[in-house]
Amino acid sequence: MTEAGMALPILPGKREALNAFTKALAGPRLSEYEASQISVLRESWFVQQTPHGDLIIVYFEAPDVGAVMAGLAESTEPFDTWFRSQVLEITGVDLSGMTSGLNDCVFQWRRKS
């Protein structure tokens, strides 16, 4: 299993759009989201306020992070197309260009059992 995290800007005035997006994912579009994320084991999103604007921090675990991103970037499924368009509208980031791993982990710590 691999872990990945990414930080995306929340464009000015798009916080309500983010709230509507996450409500749709947790509500009426949940079954579509779950079907789309078949290989993702865990995912969490956080909003981080900064002096330079808010960020959405996304963390997820999957057996192959690169495959998850490539699948999302290249999928022509209606839900995945909608998902990418929502991310683009809210963050200005086009996920269709992210076909490989997200970033390098520079520090990790876990309590030993």
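Residues numbered from 1 in each chain as written. Predicted model: local features only at pLDDT ≥ 70, side-chain atom pairs only at ≥ 80, totals over all residues. Heavy atoms only, no water.

Caption draft 1: Just the overall build of the chain, in detail. Helices and strands together make up the secondary structure of the chain, namely four helices and three strands. Going from the N terminus to the C terminus, the chain shows its helices and strands as β-α-α-β-β-α-α. For 113 residues, the compact-globule estimate of 2.2 N^0.38 gives 13 Å, and the C-alpha radius of gyration of the chain, at 14 Å, lies within 12% of that figure. For the chain, the spread of C-alpha atoms along the three principal axes comes to 40 × 35 × 25 Å. The 113 residues of the chain split such that 31% are buried. (Helix = DSSP H or I, 4+ residues; strand = E, 2+ residues; numbered from the N terminus. Rg over C-alpha atoms; globule rule 2.2 N^0.38 Å. Buried < 20%, exposed > 50% of the residue type's maximum accessible area, 1.4 Å probe, protein only.)

Caption draft 2: Focus on the environment of Trp-82. Looking at the secondary structure, you find Trp-82 in helix H4 (residues 78-91). Take Trp-82: its relative accessible area is 19%, and that puts it in the buried class. Residues contacting Trp-82, with those up to four places away along its chain left out, are Phe-21, Ala-24, Leu-25 and Arg-29. (Contact = heavy atoms within 4.5 Å.)

Caption draft 3: Up close: the packing of helix H3 (residues 65-74) against H4. In the contact formed by H3 and H4, the axes pass within 8 Å of each other and the chain directions differ by 95°. Classified by the interaxial angle, the pair formed by H3 and H4 is roughly perpendicular. The residues of H4 that touch H3, namely those facing Leu-72, Ala-73 and Glu-74, are Asp-80, Phe-83 and Arg-84. Per-class residue counts for the contact of H3 with H4 are three nonpolar, no polar and three charged. (Axes fitted to C-alpha atoms, helices over the stretch in contact; angles between N-to-C directions. Parallel < 35°, antiparallel > 145°, perpendicular 65-115°, else oblique. Nonpolar A, V, L, I, M, F, W, Y, C, P; charged D, E, K, R; others polar.)

Caption draft 4: Seen up close, the sheet that holds strand S1 (residues 2-9). Taken in spatial order, the three strands make up an open sheet running S1-S3-S2, and their pairing is antiparallel. Sheet topology places S1 and strand S2 (42-48) at the edges, where each strand pairs with a single neighbour. Geometrically, the sheet is characterised by an average inter-axis angle of 15° between neighbouring strands, direction not taken into account. Across the sheet, H3 lies against S1 and strand S3 (55-62), angled at about 120° from S3, the strand it touches most. (Pairing = 2+ DSSP bridges.)

Caption draft 5: Spotlight on a nonpolar patch on the surface. Nonpolar side chains collect at one region of the surface, where Val-106, Phe-107 and Trp-109 lie side by side and expose about 460 Å² of accessible area between them. For Phe-107, a relative accessible area of 67% translates into the label exposed. (Patch = residues over 30% accessible without salt bridge, like charges linked within 9 Å, V, L, I, M, F, W, Y side chains within 5 Å. Areas by Shrake-Rupley, 256 points an atom, 1.4 Å probe, with all protein chains shown as cover. Salt bridge = Lys/Arg side-chain N within 4 Å of Asp/Glu carboxyl O.)

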